[in-house]
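The chain contents come next:
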Amino acid sequence: LMHLTRKLIEIRSMLLSIDQSDALKLPSIVVIGSQSSGKSSVLEAIVGHEFLPKGNNMVTRRPIELTLVHIPAADGKAVEYGEFPGMGLGRIKDFNVIQRTLTELNLAVPTSEAVSNEPIDLRIYSPNVPDLTLIDLPGYVQISSMDQPESLKEKIAGLCEKYIKEPNIILAVCAADVDLANSPALRASRKVDPLGLRTIGVITKMDLVEPEQGASILSGNRYPLHLGYVGVVSKSPDSKGRAQTSTSLIRKAESDYFASHRDIFGSSSSLMVGTDTLRRRLMEVLESSMASSLHGITNAVQLELEEATYQFKVQYNDRRITAESYVAETMDTLKLRFKDATQQFHRPIIREKLKSMLDDKVMDVLEQLYWLDKRAPELGELAADARVKPESVDSFWRHKLEAASSLLTKSGVGRDSTLLVADGLRALIDSIASADPFNYHPRAAERLIQFSHMILRDRIGVTSDQVENCIKPFKYEVEVDDREWEQGRQKAIDLFEKELSMCETKLKELRKKAGGSRRLGGLIGYVRNLEEEDRKRKARKWESDSEEPELAPESYKYAPAQILDARHAILYNDRLNVLKLRLAALRSKRCKAGPGSDVLCPEAFLNVVADKLAYTSAMFINIELLDQFFYQFPREIDSRLLYDLDRQEIIEFARENPAVRAHLDLQQRKDKLEEVMKQLNSLSTLRADPQSAPRRQ
Ligand code: GDP
């Protein structure tokens, strides 16, 4: 029959790991008593070892869930050990170590909190212990001392109250030399168990009162308890300090004491005395209490299981997952998403991007060398004049074209184009890393970003050197055929038209802001005037070196922001004029004639150069950067994200995703409930044994 308790103790700890709801609780024995009532001594006598924290100040600050597991003695030798499940300390054979660990765990509770509700799980395996679960609680405080806050009393009382609820059995520890009327343990138990149906009284320090008085307490006439009182002596009278007392000595002292008063405590007295009696009594009570809880708990578990099964079906369609499968799936998704995104990096697309970057460069070069030049209109006139031969054009323009071409080819195309593509890759990785499901996995996302940046860093230098190397010939000479010329010319026209309409839009905006074109005109006239005066004043100052009063601020008719707008309008106007002139040139017969007119139509020529640069860059960036990255990236995912994780980290990773966590939790709950149900069923067949119970039906 002891088999039953043991099984139920196992089931009890499984149920505790499922949840703390009261419906799923199997009974345990809860030990309460005031400080110094001898609570620790009793527990240690039951276990047969000293293992509880000792000290003057209150040291039990957390409940200790003590599970005793009886194991057979190996070769007649006692292999006893303790375990703190979930702490990773393994088997502890030295009970001093258990005691030290408990002390540390207790002292780790901040003094501001004084007591903690969080139980310490301790299991003790020994051939000398019965199968029992006991919960040791902080002792009731009777007098509040200086360093113990008043609220401590209530806190401990509250904690005890939580544990002495049904279906637990209350072990109320009272010292024989203290009037039972004053026992906080009995008082607390009476509140929740007025008939004393699930309370066992333990009277300690029986040696401190006259045997007759002790016997009268145990008879329980004053405060009757259904489960009775057990009297113990758990202190060796001939030792001074507790540290030296061995439990066997204590046991001997106890049996000696009761033997020497056999007339009162002998077997004929029907009084319960001694630690062995207590142990047996506890086993009986726990066993019968568990047995009577069995039916209720089986029903409760059945209900919970049905609910969990139903939810699992409805929410997840019975689909089982594991942390491993989730991690693998996530990595596959990552690779797939990456592969899809690589479409954006096909060569024509890259070429297009590079070209547009180079178009900007061409515009910059044109502005710098041509548009800001005072002789710019001259070039337009030359292009329009059919009599002018390109060969005879002033060498000034030939030099200009060479300068422009070299400005473009030497503008750091290798580096800029490589960085442009690398930035694109970086943005891609960032977007993958911040999207579902990686938004749930910040650490993995960070690692993803880290290693992809590292691959890029490794490749950027090589690639940009290689690109720069391959465009080197263009720095000396660019050959242009008719077809390329025509394309370049068209492209230049497109770009200029776009630029033109951009300038017009801006001007329109400025006009609107100024309140009409007449007003903007007035504003521009004013600013031009201002600039003219400024120039004159500077010139005079230069000549005479004399101080002239600055324009007084009140003479400004317009706000500074308006003046700034007018300046912008002037710039856009000038740009518009240049663009119109150049568009006319690009559309002229002269320009259409072919690459021979490059001096007169630098825009078309530079466009061809830009196109060649884009083509060559794209080719080598593809080989040196993209191919390498696309090859390395999926491999790095495996080696840095996947294979790096141990079992624990895989579980942590999966549980970072709330949807997966909920799925795993429900699945686990269902599994555990199933297991518990199986165990409970096997027990009921045990109980249905015809020898232990009459067969029904
Ligand atoms: P706790 O604070 O309730 O855990 O009480 P302890 O077990 O630490 O015991 C308090 C004091 O009472 C200690 O000094 C023990 O040595 C002493 N003590 C415990 N049991 C007995 C006993 O049966 N007889 C005598 N004489 N002293 C005891």
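Source: prediction; values computed, not measured. (Residues numbered from 1 in each chain as written. Predicted model: local features only at pLDDT ≥ 70, side-chain atom pairs only at ≥ 80, totals over all residues. Heavy atoms only, no water.)

Considering the pairing of strand S1 (residues 29–33)
Alright, step 1. Where burial is concerned, most of S1 is hidden: five out of the five residues are buried.
Alright, step 2. Note that S1 and strand S5 (residues 132–136) share three bridges and pair parallel. Bridging across to S5, isoleucine 29 finds its partner in leucine 134.
Alright, step 3. In this sheet, strand S6 (residues 169–175) lies alongside S1 in parallel orientation, the contact comprising five bridges. Note that in S6 the partner of valine 30 across the bridge is isoleucine 170. (Buried < 20%, exposed > 50% of the residue type's maximum accessible area, 1.4 Å probe, protein only. Helix = DSSP H or I, 4+ residues; strand = E, 2+ residues; numbered from the N terminus. Pairing = 2+ DSSP bridges.)

Topic: the site of the ligand
Alright, step 1. In the vicinity of the ligand there are 15 residues, among which Ser36, Ser40, Ser41, Asp207 and Ser234 approach most closely.
Alright, step 2. Within the side chain of serine 40, a nitrogen or oxygen atom sits 2.4 Å from an oxygen atom of the ligand.
Alright, step 3. Within the backbone of serine 234, an N or O atom sits 2.7 Å from an oxygen atom of the ligand. (Near = heavy atom within 4 Å. Polar contact = N/O pair within 3.5 Å; in protein donor to acceptor, adjacent residues only side chain to side chain.)

Description of the side chain of serine 126
Alright, step 1. Mapped onto the secondary structure, serine 126 falls in strand S4 (residues 120–126).
Alright, step 2. A polar atom in the side chain of serine 126 sits 2.8 Å from the backbone nitrogen of asparagine 128.

Remarks on unusual backbone geometry
Alright, step 1. Omega for the bond connecting glutamate 166 with proline 167 falls within 30 degrees of zero, at 0 degrees, which places this linkage in the cis form.
Alright, step 2. Inspection of the secondary structure assignment puts proline 167 in the loop between helix H4 (150–163) and S6.
Alright, step 3. With omega at 0 degrees, the peptide bond leading from aspartate 436 into proline 437 counts as cis.
Alright, step 4. Residue placement: proline 437 occurs in the loop between helix H14 (413–434) and helix H15 (442–470).
Alright, step 5. Positive phi is not limited to glycine here, since serine 36 has a value of about 70 degrees.
Alright, step 6. Here serine 36 lies in the loop between S1 and helix H2 (39–47).
Alright, step 7. Within the chain, asparagine 317 stands out as a residue other than glycine whose phi angle is a positive 50 degrees.
Alright, step 8. Within the element layout of this structure, asparagine 317 appears in the loop between helix H9 (275–316) and helix H10 (323–341).
Alright, step 9. Look at asparagine 317 and you get exposed, because its relative accessible area is 56%.

Side note on the packing of aromatic side chains
Alright, step 1. Enumeration over the complete set of coordinates arrives at 16 aromatic pairs.
Alright, step 2. Where phenylalanine 451 meets phenylalanine 633, the ring centres are 5.7 Å apart and the plane angle is 40 degrees; that geometry is what we call tilted. Here phenylalanine 451, found in helix H15, pairs with phenylalanine 633, found in helix H20 (residues 602–642); they are 182 residues apart in sequence, far enough to count as distant. Accessibility classification places phenylalanine 451 together with phenylalanine 633 in one group, the buried group.
Alright, step 3. Looking at phenylalanine 633, the relative accessible area reads 0%, which means it is buried.
Alright, step 4. One aromatic cluster is present, formed by Phe338, Phe345, Phe451, Phe629, Phe630 and Phe633 through successive ring pairs. (Phe/Tyr/Trp six-rings, centres within 6.5 Å; stacked < 30°, edge-to-face > 60°.)

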